[in-house]
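Coordinate inspection notes
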Amino acid sequence: LEKAPKANGCITAEHLMSITRLCCGRIIPLLVLILAVFFEWLRTYPSAFGIIFATVSPLLEGRLPPLIIGHGKTKGTPEVPKDMKPLSRPDNELFAPLPGGYQMPLSGIGMCCRYSAYDDVLVRRTVLWYLLQGGRHIDTAHVYRNHRAVGLGIQDAIDRGVPREEIFVVTKIFPPYYGYQSALDV
């Protein structure tokens, strides 16, 4: 554009047409192709939304995600002391009745939407701290990509004396995986 002849100091109609042809003929189709490939990958890859979620969420908080720097390298939940024993459950705890006579605590901890929710080491510690402090309701989802770490934290708490029958885990699956076999496969 620097060498473009100008009419009264303005870019000519010919140059605007050249820019328009370049954008419409080359750049926009390339962007559409890239987006189409990206969204097809998202549709076919079981954890693609989770990877994006677990990458973008820490970045929005100004931190590098564990997918880039590695698990256990993010600052956050401290280690649980080895000699820490389970505390009693909260007084006046509220419950929701479930079929079969079970009572699920209404108050719980969500394992999403903060940078530490995607670092397996911090998730495991967070779950252990929570259960040892008397909490018993954990909310997670397949898209958070932290089910394994949640499970390890639960096992650590059980090993320290938290009764398994008191722990409730609520999880969600992404719509493409609705159905019994699909849910088992992811």
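The paragraphs below set out a description of the structure included in this document. (Residues numbered from 1 in each chain as written. Predicted model: local features only at pLDDT ≥ 70, side-chain atom pairs only at ≥ 80, totals over all residues. Heavy atoms only, no water.)

1. Topic: the sheet that holds strand E7 (residues 168-170)
If you walk across this open sheet you meet the three strands as E5-E6-E7, and the pairing is parallel. The open sheet has two free edges, formed respectively by strand E5 (109-110) and E7, since each of these has just one partner strand. Note: E5 against strand E6 (residues 137-139), two bridges, orientation parallel. Following the sheet pairing, Gly110 is matched in E6 by Asp139. Of the strands in this sheet, E5 and E6 are in contact with helix H4 (residues 120-132), which crosses E6 at around 155°. (Pairing = 2+ DSSP bridges. Helix = DSSP H or I, 4+ residues; strand = E, 2+ residues; numbered from the N terminus. Contact = heavy atoms within 4.5 Å. Axes fitted to C-alpha atoms, helices over the stretch in contact; angles between N-to-C directions.)

2. Remarks on helix H5 (residues 147-159)
Here H5 contains 13 residues, and its C-alpha end-to-end distance of 18 Å stays within 8% of the 18 Å for a straight helix at 1.5 Å per residue. Of the positions making up H5, those classed as buried are Ala149, Val150, Gly153, Ile154, Asp156 and Ala157. For H5, the arc enclosing every buried residue in end-on projection is 160°, short of the 170-degree limit, so these residues lie on one face. The exposed residues of H5 that point more than 90 degrees off its buried face are Arg148 and Asp159. Those residues of H5 hidden inside the fold are in contact with H4, E6 and E7. Where H5 ends, the next residue or the one after it, Gly161, has phi of about 115°, a positive value. (Expected span 1.5 Å × (residues − 1). Buried < 20%, exposed > 50% of the residue type's maximum accessible area, 1.4 Å probe, protein only. Arc of directions from axis to C-beta.)

3. Some words on the pattern of salt bridges
Any two side chains of opposite charge can pair if their charged atoms end up close together. Taken as a whole and judged by the stated rule, the model has six salt bridges. Between Glu166 and Arg89 there is a salt bridge whose closest N-O contact spans 3.5 Å. Pair noted here: Glu166 is in the loop between H5 and E7 and Arg89 is in the loop between helix H3 (66-69) and strand E3 (95-97), with a separation of 77 residues, a long-range link. We classify Glu166 as partly exposed; its relative accessible area is 23%. (Salt bridge = Lys/Arg side-chain N within 4 Å of Asp/Glu carboxyl O.)

4. Focus on the packing of aromatic side chains
Two aromatic rings, taken as a pair, are described by how far apart their centres are and by the angle between their planes. Taken as a whole and judged by the stated rule, the model has zero aromatic pairs. The ring of Tyr115 carries the charged tip of Arg63 above its face, separated from the ring centre by 3.7 Å. (Phe/Tyr/Trp six-rings, centres within 6.5 Å; stacked < 30°, edge-to-face > 60°. Lys NZ or Arg CZ within 6 Å of the ring centre and 35° of its normal.)

5. A word on the environment of Lys73
In this structure, Lys73 sits in the loop between H3 and E3. Spatially, the C-alpha atom of Lys73 lies 23 Å from that of Leu131, the residues being 58 residues apart in sequence.

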